[in-house]
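# Summary of structural features
Okay, here's what each chain looks like letter by letter:
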Amino acid sequence: MRRTIPLLLAPLLLANVDEAVGEKPAPAEVPPAVQAMLDAAMKAGDEGAVAAIVKYAKAADKPSGEVIEKTAGTWKRERREAAERKLREASFLDLWKGRAELGGYLTTGNSDTLGLTGVLDVKREALRWRHKLKLQADYQESLGRVVRERYLAAYEPNFKIDDRAYIYGAAMFESDRFLGFDERYSLSAGGGYTAIRSPQVKLDLEVGPAYRRTAYTSGMLENQLAVRGKLDLDWKLTRGITFSQDAAAYVQSDNSTIQTKTALRVRLFGPLSTQMSYAVNYESAPPAPRVNTDTTTRASLLIDF
């Protein structure tokens, strides 16, 4: 009899043990104030703010922080998938963004004068392809005489191998008789790599072979093979101030070219920004009596669209 009672109670004891084992802890509750901040950051699309909220929420309370981290991870994944879907479904006429620049300049070298400049930069960023188009015109008259006349048109398609490496093509037309040539055509193809990519800094590097055809003002025609290298650096110093350094070089046997542009851009309001820039154009062997180096200092107004 004494052995029967424990045997009868055994199923009840086992049931209680199974119930205890099967119990799951209640999910951690996220403080309403923290949840409200997270919802506001996600609605604004501010990934930096979302990351900061997750970081400090985990430091303050790990269980609720993990819940917030999971929510933020789902939001980021859905946001990325939606962006990729938009890129895949977009037509070629969609996704174009650009910047127009209008300003004055001060030149030294082959011509010392003040004038006006206009620049149009347009870019299309798709899932696999990136297209960049640039148009530039500098023109100045003084006492009825043209003292500066420079035109440039450049197109560069990029095919993305992965999120950093890409293959580029580049075609450019230039005309600048004050540098000694009426027409110059440049073609190049090669490899590019995004060496630095962060919310604050982006650095692109490119290198490849090139072909250049130059018609000088003297009447001489030159065809040359060259090596092209390019560097594009953008550094956001603050939310509204950006420093940029662009440089391109065509190295060849007779007359190599190096072009650099250093700029500081300050956002004013809406699509408007102001920019100060300093550009250098160097030709290793220009036709006489031209000098090797021209510099251009610009103060410009920029409009994003």
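Just so it is clear, the model here is predicted, and its values are computed rather than measured.

Thresholds, definitions, all that
Residues numbered from 1 in each chain as written. Predicted model: local features only at pLDDT ≥ 70, side-chain atom pairs only at ≥ 80, totals over all residues. Heavy atoms only, no water. Helix = DSSP H or I, 4+ residues; strand = E, 2+ residues; numbered from the N terminus. Expected span 1.5 Å × (residues − 1). Buried < 20%, exposed > 50% of the residue type's maximum accessible area, 1.4 Å probe, protein only. Contact = heavy atoms within 4.5 Å. Core = buried A, V, L, I, M, F, W, Y, C linked by side-chain atoms within 4.5 Å. pLDDT = per-residue confidence, 0-100. Salt bridge = Lys/Arg side-chain N within 4 Å of Asp/Glu carboxyl O.

Counted at 1.5 Å a residue, the expected span for helix H4 (residues 62–89) with its 28 residues is 40 Å, and the 40 Å between its end C-alpha atoms agrees. For H4, the set of buried residues is Ser64, Gly65, Ile68, Ala72 and Trp75. Those residues of H4 that are buried lie in contact with helix H2 (32–44) and helix H3 (47–60).

With that settled, the discussion passes to the side chain of Gln275. With respect to the secondary-structure elements, Gln275 resides in strand S11 (residues 272–283). If near-sequence neighbours (up to four positions away) are discounted, Gln275 is found in contact with Glu101, Lys261, Ala263, Leu264, Arg265, Arg298, Ala299, Ser300 and Leu302.

Counting 12 residues, the largest nonpolar core is built from Val30, Val34, Leu38, Ala41, Met42, Val50, Ile53, Val54, Ala57, Ile68, Ala72 and Trp75. Taken together, the elements giving at least two residues each to this core come down to H2, H3 and H4. For Val30, the residues in contact, after removing those within four places along its chain, are Gln35, Ser64, Val67 and Ile68. In this structure, Leu152, Met172, Ala210 and Tyr250 belong to the second largest nonpolar core, which totals 6 residues.

In this model, the chain carries an average pLDDT of 87, and 90% of its residues clear a pLDDT of 70 or more. Under a pLDDT of 50 for its full length, residues 1–15 has, in the predicted model, 0 contacts with residues more than four places off or in other chains.

We now examine unusual backbone geometry. Cis geometry is found at the peptide bond from Ala288 to Pro289, where omega equals 5°. As for its position among the elements, Pro289 is in the loop between S11 and strand S12 (293–304). With a phi close to 75°, Leu95 is a non-glycine residue in the positive phi region. Along the chain, Leu95 turns up in the loop between H4 and strand S1 (96–108). Overall, the relative accessible area of 22% leaves Leu95 in the partly exposed class.

What follows concerns the pattern of salt bridges. Applying the stated criterion across every chain yields a total of 21 salt bridges. Between Arg150 and Glu174 there is a salt bridge; the shortest N-O distance is 3.1 Å. Remark: Glu174 occurs in strand S5 (residues 165–176) and Arg150 occurs in strand S4 (residues 145–160); sequence separation between them is 24 residues. Under the relative-accessibility criterion, Arg150 is labelled buried at 8%. For Glu206, the salt bridge identified is with Arg228, shortest N-O distance 3.0 Å. One end of the pair, Glu206, is in strand S7 (residues 201–216); the other, Arg228, is in strand S8 (residues 221–236), and 22 residues separate them in sequence. As far as the burial class goes, Glu206 and Arg228 line up, both buried. Ionic contacts of the salt-bridge type, sharing partners, join the residues Lys132, Glu156, Glu206, Arg228, Lys230 and Asp232 into one network.

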